[in-house]
Amino acid sequence: MTERDFVLNEFSKNLEGGKYSWSSPSNIALVKYWGKKENQIPANPSISFTLDACKTNTTITLSKKKTNTDFSFEVYLDGQQKDDFKPKIISFFSRIVTYVPFIKEYHFKIETINTFPHSSGIASSASGMSALALCIMSIEKELTNDISDMYFYKKASFLARLGSGSACRSIEGELIVWGHHDKIEGSSDLFGTKYPLETHSNFKNFHDTILLVDKGEKQVSSSVGHNLMHDHPYAEKRFSQANNNLSRLISVFKDGDLSTFIEIVESEALTLHAMMMTSIPYYILMKPNTLEIINKIWKFRKESGLHICFTLDAGANVHVLYPEDESEVIYEFIKSELVANCQNGHYICDRIGFGAKQLPI
Ligand code: PMV
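Residues numbered from 1 in each chain as written. Predicted model: local features only at pLDDT ≥ 70, side-chain atom pairs only at ≥ 80, totals over all residues. Heavy atoms only, no water.

1. Thoughts on the sheet that holds strand β11 (residues 309–311)
The four strands lie next to each other as β11-β12-β10-β13, forming an open sheet whose pairing is antiparallel. Edge positions in the open sheet fall to β11 and β13 (347–351), since each of these has one partner strand only. Between one strand axis and the next, the sheet turns through 25 degrees on average, direction left out of account. Sheet analysis places β11 next to strand β12 (residues 318–322), joined by three bridges and oriented antiparallel. Bridge assignment links F310 to a residue of β12, and that residue is V320. Contacting β11 and β12, helix α6 (residues 258–277) crosses the sheet at an angle of about 30 degrees to β11. Lying on the sheet, helix α8 (residues 327–338) is in contact with β10 (207–211), β12 and β13; it crosses β12 at an angle near 155 degrees. (Pairing = 2+ DSSP bridges. Helix = DSSP H or I, 4+ residues; strand = E, 2+ residues; numbered from the N terminus. Axes fitted to C-alpha atoms, helices over the stretch in contact; angles between N-to-C directions. Contact = heavy atoms within 4.5 Å.)

See the structure below:
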């Protein structure tokens, strides 16, 4: 498929008063997306677990357009008007208007809530942008009547990507690939697709306990970080390493090889942060407690022989990953040893999930 396949040309119905609502999850990357080309095209393919508990619920209500501007909308978080969200939404709408021109025809009331605390340091861009993209696709579906489920989800992912790259991996579950990879049929730079190959039962119901180490705003945003990969001395090596790690994961998923899974996932997390530390300007998003937790996980893994590991996104929080079979003992360890390193003892119990759901109106 190409970008042109996602352009909607004709629509006629009047949908004033229409209401559309979706709940969309966050996701955690195993092979990381870090560095992009123009139009949110990733520099390397990535793969993620879709999460289950960390979600954004968004409702859009359409009414008659109130202004002459290109886009007319109001936005609320937890019932409070949030004008500071507007620039991000305007830039999202400007990027997608070619594909969904009807967004210029209505006034949008956008109401959104997150199931995780706002100041948790967990980025809501993946769940937020994917929920918004899905509501927009529900509008398109009503305008056109005849779109298949496959097209609906592909285009929702395509639109979400233009809002925030990793958001395109939040539409479906459980394992999602984004970015073309020679060995993964159907993989595309334009949207996320379900991982199509065999997956061992060891990866069913995988747990992700998110340890909230630092709930503040990040000092350096992801978009600045992506940009610093241009002219980065290790960029090309990093992109080919990510490709190679994804190739290696194919046999790991097939065979249920948890030891190699751990090696790849932890190396990906540390490489992501190594890229930040070796950018110019350089920066560090990990905190002392991030390292404390990592060391405790390594010690416990060595002593217990259990398959606990960590990953990080672009922040200080630690995602602790472990299989269902070993979850009781590992969860006890997390509570007794790791929660002490969380800010105010806060953490979120999440696990692999099945993707976004339409909400009843
Ligand atoms: O989607 P963005 O632009 O916020 O970038 C997300 C990048 C990481 O979370 C660090 C990695 C990933 O693949 O999700």
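2. Examining the nonpolar core
Counting 46 residues, the largest nonpolar core has F93, I103, F108 and I136 as the members making the most contacts within it. Those elements that provide at least two residues to this core are β1 (19–31), β4 (46–64), β5 (72–77), α1 (86–96), β7 (106–114), α2 (125–144) and α3 (149–163). The greatest single-element share of this core, amounting to ten residues, is contributed by α2. Beyond its immediate sequence surroundings of up to four residues, F93 is in contact with F71, F73, I103, F108, I110 and I136. Within the second largest apolar cluster, 32 residues are counted, among which are L212, L249, I250 and V265. (Core = buried A, V, L, I, M, F, W, Y, C linked by side-chain atoms within 4.5 Å. Buried < 20%, exposed > 50% of the residue type's maximum accessible area, 1.4 Å probe, protein only.)

3. Details of the site of the ligand
Lining the immediate surroundings of the ligand are 13 residues, of which Y33, S164, S166, R169 and H226 lie closest. Between the ligand and Y33 there is a distance of 2.9 Å, counted from an oxygen atom to a backbone nitrogen or oxygen. For the ligand, an oxygen atom lies 2.7 Å from a polar atom in the side chain of S166. Here the ligand, which alone exposes 380 Å², has 89% of that area covered by the protein. A per-class count over the shell around the ligand returns five nonpolar, five polar and three charged. Each of domain 1 (3–197 + 354–358) and domain 2 (204–351) accounts for three or more of the residues forming the shell around the ligand. (Near = heavy atom within 4 Å. Polar contact = N/O pair within 3.5 Å; in protein donor to acceptor, adjacent residues only side chain to side chain. Areas by Shrake-Rupley, 256 points an atom, 1.4 Å probe, with all protein chains shown as cover. Nonpolar A, V, L, I, M, F, W, Y, C, P; charged D, E, K, R; others polar. Domains from an automatic or database assignment.)

4. Some points on the packing of α2 against α3
One can describe the packing of α2 onto α3 by two numbers: an axis separation of 8 Å at closest approach and a directional angle of 135 degrees. Between α2 and α3, the angle falls in the class oblique. The hand of the α2/α3 crossing is right-handed. Contact with α2, carried on its side by M129, S130, A133, L134, I136, M137, S138, E140 and K141, involves D149, Y151, F152, Y153, K155, A156, L159, A160 and G163 of α3 and no other residues of that element. Considering only residue class, the contact of α2 with α3 consists of eleven nonpolar, three polar and four charged. (Parallel < 35°, antiparallel > 145°, perpendicular 65-115°, else oblique. Left-handed = near helix turned anticlockwise from the far one by under 90°.)

5. Structural notes on the domain arrangement of the protein
As assigned here, the protein comprises domain 1 (3–197 + 354–358) and domain 2 (204–351). Look at where the C-alpha atoms of domain 1 and domain 2 centre, and you get two points 25 Å apart. Contacts between domain 1 and domain 2 engage 34 residues on the former and 42 residues on the latter. Here domain 1 and domain 2 share an interface that buries about 3,100 Å² over both sides, 69% of which is from carbon and sulfur atoms. (Buried area = accessible area lost by both parts, 1.4 Å probe.)

6. Focus on the pairing of β5
Counting buried residues in β5 gives six out of six residues, a clear majority hidden from the surface. Residues S72, E74 and Y76 line one face of β5 and the alternating positions F73, V75 and L77 line the opposite face, and both faces are buried. As paired strands, β5 and β7 are joined by six bridges and run parallel to one another. Counterpart to E74 in the pairing with β7 is K109. The sheet contact formed by β5 and strand β6 (residues 80–81) spans two bridges and is antiparallel. From the neighbouring strand, Y76 faces β6, where its bridge partner is Q81. What sits between β5 and β6 in their antiparallel hairpin is a turn of two residues, with D78 showing a positive phi close to 50 degrees.

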